Amino acid sequence: MALMEVKVPDIGDFEAVEVIEVLVKPGDAIKAEQSLVTVESDKASMEIPSSHAGVVKELKVKLGDKVSEGTVVLVIEAADAAASTPAPAPAPAVASVPPAAPMAASVAAGPVEVVVPDIGDFDAVEVIELLVKPGDAVKAEQSLITVESDKASMEIPSSHAGTVERLLVKLGDKVSKGTPVVVLQGAGGAPAAAKAADVAPAAAAAPASPLASQPVERTAPTAALPAHEPTAPQGHLPHASPSVRRFARELGVPLAEVRGSGLKGRITLEDVQGFVKGVMSGETRTAQAAKAPAAGGGAGLDLLPWPKVDFAKFGAVERKDLSRIKKISGANLHRNWVVIPHVTNHDDADITELEAFRVQLNKENEKSGVKVTMLAFLIKACVAALKKFPEFNASLDGEQIVLKQYFHIGFAADTPNGLVVPVIKDADKKGVLQISQEMSELAKKARDGKLGPADMNGGCFSISSLGGIGGRYFTPIINAPEVSILGVCKSSTEPRWDGKAFQPRLILPLSLSWDHRVIDGAAAARFNAYLGQILADFRRVLL
Ligand code: CAO
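Residues numbered from 1 in each chain as written. Predicted model: local features only at pLDDT ≥ 70, side-chain atom pairs only at ≥ 80, totals over all residues. Heavy atoms only, no water.

Describe the packing of aromatic side chains, naming the residues involved and giving the relevant values.
In the structure shown here, the tally under the stated rule is 8 aromatic pairs. Between Phe-389 and Phe-392 the ring centres are 6.3 Å apart and the planes differ by 75°, which places this aromatic pair in the edge-to-face class. What makes Phe-389 buried here is its relative accessible area of 11%. Given a relative accessible area of 0%, Phe-392 falls into the buried group. Measuring from centroid to centroid gives 5.9 Å for Phe-461 and Phe-527, while their planes differ by 40°, and the two rings are tilted. Placement of Phe-461 in strand β25 (residues 461–465) and of Phe-527 in helix α9 (residues 521–536) is noted, with a sequence separation of 66 residues between them. (Phe/Tyr/Trp six-rings, centres within 6.5 Å; stacked < 30°, edge-to-face > 60°. Buried < 20%, exposed > 50% of the residue type's maximum accessible area, 1.4 Å probe, protein only. Helix = DSSP H or I, 4+ residues; strand = E, 2+ residues; numbered from the N terminus.)

Next up, the structure:
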């Protein structure tokens, strides 16, 4: 295993270009040709590849450093003995621009065909952006198209001022040195002054192109690789390295809509990932989705329009505005119902002894004024089940599950204005009496319309109890970003077989809805069964 230095290869005329991204760290195993750092000049952004495979021992550059050909980027422990002899020269990461050459094509009287200049070892690079269209007046050095290889993105500038008569390339075309790009009319002005580092080969070097209609003078651009200026409001490509750009394209992410958090607003890989997470969670909408919310192809819901009925035709009606709470909760419920793949498991719990205990407790505490409700026991039982099955006390965040180590339990409260879900914080640390008291205070606040955001946030799991009202089972909607919710209906005395005879038992119907992206059916069945065991014998909470 030999230590060796990996240096910046020939990057043409680029001198002292700034390191804007470091893509590896000590300890990383890297392959030959893997990109190590991204550098950016005012002409292009490019990734510097490794000449060898190996393990990164030491980084020799940091963000903001200026590097040139031969600068040591890092030291690697090369993977094999061949390390001592440098591998075949890596493909230079950027188009090398030839040294200064006199401009052969200077003043063009008639139409001018602008061709791709010498872009170094890059052959057949893809046109990923057209920056002008027929009729556009362009200045000399103005970018015409953007091309991209897997290591660099670069804009091809115009050698002359003039009006675009025709575009000779389209998106997806592969271009190389000499490929005609546009025909300019009225390109009478002198081309941009030749700058030492910017001058491309003379027109004579470019191959002929069969332009049928008019004879055109062929000329190469004056500057091979103009800047990706992030602040330039020209509708140019967003500021991102080629690999990030490629990653975004693979996922179909519109980079122009991604906010860059890197240096000078540069879009990083994490920014693209964050954007995708936002779209998946519904927090972010792409401009496209905003324009066509019900587009077909599975992206939107593509539903039939809502039926428009003149109800008055069928009888007398009265119209009322939805309450503020109904509008807010309705939008949340709708999103949760549509986005979360819900499944509901129904089960029963035998609460005969628990109910007897509750009645006895209330007799004992009659004077205190605190009434212990079944819901308070259910909250404690759910905390025990959440401790045993932590994936129920979780939230989905992109491709990660956030497991909570606190136990804040929400309970649905019916109010004259609609449904609200106040939250009992740290229910694991509170007794049934305290929970009952807090619940009755929160329920009163809810009915009086006095709940604040602090009373309703931070929930881990919710319980919706219709026990005081009736019903057998129902399918509660998960309160995102929670992943499960317990629905409880009215208990009733039912005959249960004890092995010898039917006994009258008080049975509580339970309905557990869960997010199938996070929880599996078997886990849900176990959660309900465990809940049933606890409710049947509350001493199990202590275990
Ligand atoms: N089975 C049988 N009886 C039950 C019961 C159950 N599962 N749960 C409660 N009860 C009884 C109580 O014992 C009480 O009886 P008494 O008055 O004789 O003592 C009565 O029903 C009323 O209970 P409560 O309402 O005082 O207390 P609670 O803890 O059950 O409920 C609260 C409190 C705030 C949850 C409730 O008032 C409420 O708003 N429930 C509706 C929730 C809701 O709307 N969910 C649907 C959401 S989805 O749209």
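From this point, the narrative continues.
I'd like a description of the site of the ligand, backed by residues and values.
Around the ligand sit 18 residues, and of these Asp-414, Ser-464, Gly-468, Cys-489 and Ser-491 come closest. Here an oxygen atom of the ligand sits 2.8 Å away from a polar atom, N or O, in the main chain of Asp-414. Backbone polar atom of Gly-467 to a nitrogen atom of the ligand: 3.3 Å apart, as the coordinates give it. Contact with the protein chains hides 65% of the accessible area of the ligand, taken as 960 Å² for the molecule alone. Given that more than half its atoms are within 2 Å of the pocket grid, the ligand belongs to the largest pocket. Within the residue set of the shell around the ligand, elements represented by two or more residues are β22 (413–415) and β25. (Near = heavy atom within 4 Å. Polar contact = N/O pair within 3.5 Å; in protein donor to acceptor, adjacent residues only side chain to side chain. Areas by Shrake-Rupley, 256 points an atom, 1.4 Å probe, with all protein chains shown as cover. 1 Å grid on protein atoms, 1.4 Å probe; cavity = no way out; pocket = protein on both sides within 12 Å on 5 of 7 lines; lining within 4 Å. Sits in = over half its atoms within 2 Å of the grid points.)

Tell me about helix α6 (residues 374–388), and please be specific about residues and values.
Between its terminal C-alpha atoms α6 stretches 21 Å, which fits the 21 Å expected from 15 residues at 1.5 Å a residue. Across the 15 residues of α6, 13 count as buried, placing the element largely inside the fold. (Expected span 1.5 Å × (residues − 1).)

An account of the pattern of salt bridges is requested, with residue identities and associated values reported.
By the definition in use, this model includes 19 salt bridges. In this structure, Lys-133 and Asp-136 form a salt bridge, with 3.2 Å as the shortest nitrogen-oxygen distance. Note that Asp-455 is salt-bridged to Lys-445, the shortest N-O span being 2.9 Å. On the criterion of sequence distance, the pair formed by Asp-455 in helix α8 (residues 453–456) and Lys-445 in helix α7 (residues 432–447) is long-range, its members being 10 residues apart. According to the relative accessible area criterion, Asp-455 is buried, its value standing at 16%. For Lys-445, a relative accessible area of 33% puts it in the partly exposed group. (Salt bridge = Lys/Arg side-chain N within 4 Å of Asp/Glu carboxyl O.)

Please set out the sheet that holds strand β6 (residues 54–59) residue by residue, giving values where relevant.
Strand order in the open sheet made by the 4 strands is β1-β8-β6-β3, with antiparallel pairing throughout. Of all strands in the sheet, those with a lone pairing partner are β1 (3–7) and β3 (29–30), marking the two edges. Pairing geometry for β1 and strand β8 (residues 72–78), over 5 bridges, is antiparallel. By the bridge assignment, Leu-3 is partnered in β8 with Glu-77. (Pairing = 2+ DSSP bridges.)

Lay out the pairing of strand β12 (residues 143–148) with the relevant residues and their values.
Summarising burial for β12: 6 of the 6 residues are buried, a large majority. As defined by bridge partners, strand β10 (residues 125–130) adjoins β12 across 4 bridges and the pair is classed as antiparallel. Pairing of Glu-129 across the sheet is with Thr-146, part of β12. Of the strand pairs in this sheet, β12 and strand β13 (residues 152–157) are connected by 5 bridges, and their pairing is antiparallel. Looking at the pairing, Glu-148 lines up with Ser-153 of β13. The turn linking β12 back onto β13 is made up of 3 residues.

Tell me about the packing of helix α1 (residues 242–251) against helix α2 (residues 269–281), and please be specific about residues and values.
Where α1 meets α2, the axes come as close as 9 Å, and the angle between the chain directions of the two elements is 20°. Classified by the angle their axes make, α1 and α2 are roughly parallel. Between α1 and α2 lies a crossing of right-handed hand. Between α1 and α2, the residues in contact are Val-244, Phe-247, Ala-248 and Leu-251 and Leu-269, Val-272, Gln-273 and Val-276, respectively. (Axes fitted to C-alpha atoms, helices over the stretch in contact; angles between N-to-C directions. Parallel < 35°, antiparallel > 145°, perpendicular 65-115°, else oblique. Left-handed = near helix turned anticlockwise from the far one by under 90°. Contact = heavy atoms within 4.5 Å.)

I'd like a rundown of unusual backbone geometry, residues and numbers included.
With an omega of 5°, the peptide bond running from Ala-480 to Pro-481 counts as cis. Tracing the sequence through the fold places Pro-481 in the loop between β25 and β26 (484–488). At Glu-33, a residue that is not glycine, the phi angle is positive and equals roughly 80°. The topology assignment puts Glu-33 in the loop between β3 and β4 (35–40). A positive phi angle, close to 45°, is found at Asp-426, a residue other than glycine. Along the chain, the position of Asp-426 falls in the loop between β24 (423–424) and α7. Looking at Asp-426, the relative accessible area reads 26%, which means it is partly exposed.

Tell me what's going on with the side chain of Asp-136, and back it up with residues and numbers.
Here Asp-136 is to be found in the loop between β10 and β11 (137–138). There is a polar contact of 2.9 Å between the side chain of Asp-136 and the backbone nitrogen of Lys-133. Those residues in contact with Asp-136, other than ones at most four positions away along the chain, are Gly-162, Thr-163 and Val-164.

A description of the layout of surface pockets should follow, citing residues and the corresponding values.
Taken as a whole, the largest pocket spans an internal volume of roughly 950 Å³. Together, 32 residues line the largest pocket, and Thr-373, Leu-375, Met-439, Ser-465 and Gly-468 are the ones closest to its centre. By residue number, the principal contributor to the lining of the largest pocket is α7, which donates 6 residues. Residue composition of the lining of the largest pocket, by class: 16 nonpolar, 10 polar and 6 charged. (Points joined across faces, edges and corners; volume = space filled by probe spheres on them. Nonpolar A, V, L, I, M, F, W, Y, C, P; charged D, E, K, R; others polar.)

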